[in-house]
Amino acid sequence: MTNIVKFKARGPRAYLREAQEQRIPVRVKREGIDPGWVHGMIVDVSADFVLIAEISDSMRYDGYLVIALGDVSHAEEDPSREFVDKALALNGETLNAPAGFPLDNWASVARAAAALAPVISVNMLDEETGEASYIGKLENAGPEVLTLREIDPNARWYPDAGDYEYDDIGSIGFGTSYMYTLYRVAGEPSGPPQEPRLHSTDPR
């Protein structure tokens, strides 16, 4: 029996805020962006964004994801809530969420994430795949684009940086075990990046 009602009656912000206050594990869907669900605990909700502490299949907290509130098409209590609560407790998992994390715009989100983790993931909206993920070191968050020095899947730094337009960002993640491992293998990049290139997910 769920403790919180479906958000369609009251709006997603009120629903997710209640889930945050009650510490209820939820799953969130973004129709047309991600075919799966985001599983986790709601850390904070602003007028435009949601900060989620993700829960992995191994029932451990594994990083954070910021998504746009307007992209949330469905949210509900995790159907396996009883199991999730017990498994987190058995694993000794406690939520140590970052306090005062800004959820004003993508620039403030990127800066705050980069202050907490050596690399972040910038997940760009893509017409074919929904989202395309890019992991790297934040170089700058300007008024129109953020600049990222990327790491490839083999933990090699690209020589140049990429500019990412805010309008095309679907989500920003940080603090996952994968991202930390990728950074540890790659190490710090040697020297400054070359001139940034404008990144586009437009398949044309």
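First, a word on scope: everything that follows refers to the structure included in this document.

**Section: the overall build of the chain**
Here's step 1: Within the chain, the secondary structure is distributed over 4 helices and 11 strands.
Here's step 2: For the chain, with 204 residues in total, the buried portion stands at 49%.
Here's step 3: The contacts in the chain between residues at least 6 apart in sequence include a share of 58% that link residues at least 24 apart.
Here's step 4: Surface exposure of the chain reaches about 10400 Å², of which carbon and sulfur atoms provide 49%.

**Overview of the layout of surface pockets**
Here's step 1: As a volume, the largest pocket reaches approximately 300 Å³.
Here's step 2: Forming the walls of the largest pocket are 20 residues, and the residues nearest its centre are Asp34, Glu54, Leu65, Asn123 and Glu131.
Here's step 3: Contributing elements (two or more residues each) for the lining of the largest pocket: strand S2 (34–45), strand S3 (49–55), strand S4 (61–68), strand S6 (120–126), strand S7 (130–141), strand S10 (169–174) and helix H4 (177–186).
Here's step 4: Classifying every residue of the lining of the largest pocket by side-chain character gives 9 nonpolar, 7 polar and 4 charged.

**As for the nonpolar core**
Here's step 1: Core analysis: the biggest nonpolar cluster contains 37 residues, and Phe101, Trp106, Ile120 and Leu146 have the highest contact counts within it.
Here's step 2: Looking at this core, the element that brings in the most residues is helix H3 (residues 106–116), giving 6 residues.
Here's step 3: Residues within four places of phenylalanine 101 in sequence aside, it is in contact with Asp44, Leu51, Val66, Val109, Ala112, Ala113, Leu116 and Phe174.
Here's step 4: Ranked by size, the runner-up nonpolar core spans 16 residues in total, among them Leu16, Val28, Ile52 and Leu69.

**Focus on H4**
Here's step 1: Regarding H4, the residues found buried are Met179, Leu182, Tyr183 and Ala186. For H4, the arc enclosing every buried residue in end-on projection is 95°, short of the 170-degree limit, so these residues lie on one face. When the buried face of H4 is taken as reference, the exposed residues oriented beyond 90 degrees from it are Arg184 and Val185.
Here's step 2: In the core, the buried residues of H4 are packed alongside S6, S7 and S10.

**A word on the packing of aromatic side chains**
Here's step 1: Across all of its chains, the model carries 4 aromatic pairs by this definition.
Here's step 2: Taken together, a centroid distance of 5.4 Å and an interplanar angle of 5° make the contact between phenylalanine 101 and phenylalanine 174 stacked. On the criterion of sequence distance, the pair formed by phenylalanine 101 in the loop between helix H2 (81–90) and H3 and phenylalanine 174 in strand S10 is long-range, its members being 73 residues apart.
Here's step 3: By relative accessible area, phenylalanine 101 is classed as buried at 8%.
Here's step 4: Where tyrosine 134 meets tyrosine 164, the ring centres are 5.6 Å apart and the plane angle is 45°; that geometry is what we call tilted. Remark: tyrosine 164 occurs in strand S9 (residues 160–165) and tyrosine 134 occurs in strand S7; sequence separation between them is 30 residues. Of the two residues examined, tyrosine 134 and tyrosine 164, each falls in the buried class.
Here's step 5: Ring pairing ties together the aromatic residues Tyr64, Phe101 and Phe174, which thus form one cluster.
Here's step 6: Across the ring face of tryptophan 37, the terminal group of arginine 27 is positioned such that the distance to the ring centre comes to 4.0 Å.

**Topic: the environment of valine 43**
Here's step 1: If you trace the backbone, valine 43 turns up in strand S2.
Here's step 2: The class for valine 43 is buried, based on a relative accessible area of 13%.
Here's step 3: Leaving out residues up to four positions away in the same chain, valine 43 has contacts with Gln20, Leu51, Ile52, Ala53, Tyr64 and Ala97.

**Brief notes about the pairing of S2**
Here's step 1: Looking at chain direction, strand S1 (residues 26–30) and S2 are connected through 5 bridges and run antiparallel. What sits directly across from arginine 30, in S2, is aspartate 34.
Here's step 2: Sheet analysis places S2 next to S3, joined by 5 bridges and oriented antiparallel. Each bridged residue has a counterpart across the sheet, and for aspartate 44 the counterpart in S3 is leucine 51.
Here's step 3: Linking S2 back to S3 in an antiparallel pair, the connection comprises 3 residues.

Cut-offs and rules
The written sequence of each chain sets the order in which its residues are numbered from 1. Whole-chain, interface and lining totals are the exception, using all residues; otherwise, since this is a predicted model, local features are given only for residues with pLDDT of at least 70 and side-chain atom pairs are given and counted only at 80 or more. As a rule here, side-chain values come from all non-hydrogen atoms in the structure, and water together with hydrogens is ignored. Secondary structure elements follow DSSP: runs of H or I no shorter than four residues count as helices, runs of E no shorter than two count as strands, and numbering proceeds from the N terminus. Here the term buried applies to any residue with accessible area under 20% of the maximum for its type, exposed to any over 50%, and partly exposed to those in between, with areas from a 1.4 Å probe on protein chains only. Two residues form a contact once any of their heavy atoms are found within 4.5 Å. Note on areas: Shrake-Rupley, 1.4 Å probe, and residue coverage restricted to the protein chains presented here. A cavity, in this analysis, means grid points on a 1 Å lattice covering only the protein atoms where a 1.4 Å probe fits yet has no way out; a pocket is instead an open set bounded by protein on both sides within 12 Å along at least five of seven lines, and a residue lines either one if it has an atom within 4 Å of a point. Grid points are joined across faces, edges and corners, and a volume is the space filled by probe spheres set on the points. Only Asp, Glu, Lys and Arg are considered charged, only Ala, Val, Leu, Ile, Met, Phe, Trp, Tyr, Cys and Pro nonpolar, and every remaining residue, Gly among them, polar. Take the buried residues of types Ala, Val, Leu, Ile, Met, Phe, Trp, Tyr and Cys, join any two whose side-chain atoms come within 4.5 Å, and each joined set is a nonpolar core. What the arc measures is the spread of directions leading from the helix axis to the C-beta atoms. Whether two aromatic rings pair depends on their centres lying within 6.5 Å, for rings of Phe, Tyr and Trp, where Trp uses its six-membered ring; planes under 30 degrees apart make the pair stacked, over 60 edge-to-face, and the rest tilted. Each ring is checked for a lysine NZ or an arginine CZ that lies within 6 Å of its centre and within 35 degrees of its normal; such an atom marks a charge sitting over the ring. A pair of strands counts as paired when DSSP detects no fewer than two bridges linking them.

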